[in-house]
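# Coordinate analysis (summary)
Okay, here's what each chain looks like letter by letter:
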Amino acid sequence: MKKIVIALVVLVVVLVGAVLIVPSFIDWNSYKGQIVAAIRDNTGRGAAIDGDIAFTVLPAPALRVAGLRIENFESAQAADMVRLKELRVRVSIGALLERRIVVERLELIEPVIALEVAEDGKASWDIDIAAAAGRDASSSEGDSGDAPLDISLADVRVSGGSLSFEDRRSGTSEKVEDLQMAIGAPSLSGPFDVTASARARGMPVSLGLKTGALKPQQPLTIGLKAALTEADAELRFNGKMLAPIPTGLLSGKLEITGASAAKLASAAGQDNLPPVLAQPVSIEGTLMVSPDAVALNDTALKFGSLSGNGAVSVTLGEPMNADIAVSVSRLNLDELLKQATAAPTTPSETAKPAESSTGPKAASSDPIALELPKNINASFDLAIDVIQYRGSVIREAGLRAALANGEVTLDRAAALLPGGSDVSLLGFLSFIEGEPRFDGEVAAASDNLRSLLDLAGVEAGALPPDRLRGFSYASKVKLTPTAVEVQDINVRLDASTMTGGLAVALRDRPGFGLRLAIDQMNLDAYLPPASPLAVLNSFDANIDLEIDRLTVQKTLARKVRLDGLLAGGNFNIRKASVADFAGANANISGDVKDLAAKPSVGLKYRAAVNDPAKLFRFLGTSPPIPLRKLGKPKLSGRIDGTLDALSVKSDIAAAGAKLALEGNVKKPLTVPTLDLGVAINHPELAQFVRLAVPDFRLAAAKLGPLAAAFRLSGTPEDFALSGLEATAGPV
């Protein structure tokens, strides 16, 4: 009996040893076909194993598969949905004896996962694993009547993986690299606990995901936390997904926070940002996602001390539709501008994405053709109740715009400004041959223009208090990167009305074309202190100015006209004229050159005095001879030279005489020094003498003509005559 017992024990030991050792001698590669068939039966996708298969029992059952591939859907651009360098599986022996599969560890070594969405909406993840598992379970129950296997995933690890996603409907593509992941699940139906880290767009990110269990026709609870560590930013989501999973409606609370908006922007590749962005930012709202729509409602926005509310709605498809609305109760613009004028943040203050050989190249010097997408329709509505600026309050500021067919329609940009003022802008932004163009209309009105000037920081205290009150402006505007056209200008300033147009060429040396007609203007009330002429050398301008009534030194000028070209620091006066000023009219033409350095003139002039009494009153002096004898003087001539020295040639007709002047005047604006040749002609000497000495009695009533010529030199206070030659009557 003892020998029988010993023999039985030896037999058991041999059998157990055979069970534990023999599997290592089996060629498991011969089972590749069966394994691939099992994958195909349970996923509906083809598969292949390019490497070896190994199986061991001790110390625990373990399987190793190298070079596993699972195919993508038929029309996918990436042939394989999953590629594994190596798959390692270890299960519990004890659990197997209880008809349970406990995966103690599942390792995916360097997996490459390519997820795609085709134009027809078919996706890589359209695999009904649950249904396949259900069919296998039903078959098993039908065959044996036993319960299906209970499978749990104690520890799933992913190392060195990459994940790519491409949606060919929208053209969206993303890639995640250096993926490390750990997954735990008591069953294939969950609940799931996932932690992961990776690099997305060159930046390190971390993720934590917890879900409930997958139950037929039951919502799936989801808790998500993602962090962008270098930017000190975090995303949290808590919600649920309605059946069917994963195409049902996802809804829940979304929260995004960041310690600095500048760091977030820098992490996206934007450096040298203004300090105003170095403030905390947060977004909270209710997120709803379906296969064809995304919405973020009841949204609370915070940026530093600024807070607001909003909503975003996006409908996917062709075209894609998006609606964005933002409402802000109060904006302290003074505070933001104060921060914006500080030194910009340095790259060391913000996170920077890792450099990549596939990153953006240096900008090309060639012009870039721009255009707006034609397959996206969008609307944007911004409303700001109160804006604080320069100690004043701007109310009801708003912007409403829409994008459709590659063109932006600015329905209205408007605000209520101090002083009973308002401003509005509307128009269209389009791209013609890759160049942006804006066509719009501008309107503004104010009951107190001084309040607007105070808001803009313009000092107007030197002007009379009754000036700069009523104001209105309206025009059409066309803008391109190279030109500005302002048409149909209509301006009312106090009692003046101005109409015309403006054209500006935007280049290194700006060019202007101005056409302006003014019905009346009191220039005394608005003329600022003289500014240096050098500023006229900084731009070019084509000027056509008409003023019907202009007041200068309390004297009315009628029909003032200026037509000229300013170019290269030279001003060509095609015509400058006034129909009536202080009883005189005048016309001037010619050139004023070298405005920036040493101005010089070459001008022709012509003038006539129709009311000498009015002119002498304006000049504040008495006429040299009685006005009744002076007649209506006429002048014509030319002036050439600089402000240091002028050459003068002039003809004057007055009181029946003709006076010709030709010579030089030095320092005409300070202490004039004269060197002139003078010629006087009068048809009757007796009349000429009586002009100077009315009571002088001559021997005869008619003495004959007067012709005299002499040289005048010196200053107006100390001058001398020389070289006198004269024919006086009979002498």
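Residues numbered from 1 in each chain as written. Predicted model: local features only at pLDDT ≥ 70, side-chain atom pairs only at ≥ 80, totals over all residues. Heavy atoms only, no water.

## Some words on the packing of aromatic side chains
- For the coordinates displayed, the defined rule picks out two aromatic pairs.
- Judged by centre distance (6.3 Å) and plane angle (20°), the ring pair of Trp125 and Phe165 falls under stacked. Taken together, the residues span a long stretch of sequence, with Trp125 in the loop between strand S6 (112-117) and helix H4 (129-144) and Phe165 in strand S7 (residues 150-167) at a distance of 40 residues.
- Judged by relative accessible area, which is 35%, Trp125 ranks as partly exposed.
- Since its relative accessible area comes to 29%, Phe165 is described here as partly exposed.
- Ring centres of Phe581 and Phe618 lie 4.9 Å apart, and the angle between their planes is 75°; this geometry places the pair in the edge-to-face category. Of this pair, Phe581 sits in strand S30 (residues 570-581) while Phe618 sits in helix H9 (residues 612-619), placing them 37 residues apart in sequence.
- On the accessibility criterion, Phe581 (19% relative accessible area) is buried. (Phe/Tyr/Trp six-rings, centres within 6.5 Å; stacked < 30°, edge-to-face > 60°. Helix = DSSP H or I, 4+ residues; strand = E, 2+ residues; numbered from the N terminus. Buried < 20%, exposed > 50% of the residue type's maximum accessible area, 1.4 Å probe, protein only.)

## A closer look at the confidence of the model for the protein
- Mean pLDDT over the protein: 82, with 84% of residues reaching 70 or higher.
- Below a pLDDT of 50 lies the segment residues 130-147, which in the model reaches nine contacts outside its immediate sequence neighbourhood of four places, other chains included.
- Residue range residues 345-365 is modelled with pLDDT below 50. Its contacts to residues more than four positions away, or to other chains, number 28 contacts. (pLDDT = per-residue confidence, 0-100. Contact = heavy atoms within 4.5 Å.)

## As for the side chain of Thr555
- Its location among the elements puts Thr555 in strand S29 (residues 555-567).
- Look at Thr555 and you get buried, because its relative accessible area is 14%.
- When residues no more than four places from it in sequence are discounted, the contact partners of Thr555 are Leu550, Phe581, Ala582 and Phe618.

## Some thoughts on the environment of Ser650
- Within the element layout of this structure, Ser650 appears in strand S34 (residues 645-654).
- You can call Ser650 buried: its relative accessible area is 4%.
- Sequence separation between Ser650 and Ala660 is ten residues, and the spatial gap between their C-alpha atoms is 5.8 Å.
- Other than its neighbours up to four places away in sequence, Ser650 contacts Tyr605, Ser636, Gly637, Leu659, Ala660 and Leu661.
- A distance of 2.6 Å separates a polar atom in the side chain of Ser650 from a polar atom in the side chain of Tyr605. (Polar contact = N/O pair within 3.5 Å; in protein donor to acceptor, adjacent residues only side chain to side chain.)

## Quick notes on helix H2 (residues 32-43)
- For H2, built from twelve residues, the straight-helix expectation of 16 Å at 1.5 Å per residue is met to within 8% by its first-to-last C-alpha distance of 16 Å.
- Directly after H2, the chain includes Gly44, whose backbone phi takes a positive value near 75°. (Expected span 1.5 Å × (residues − 1).)

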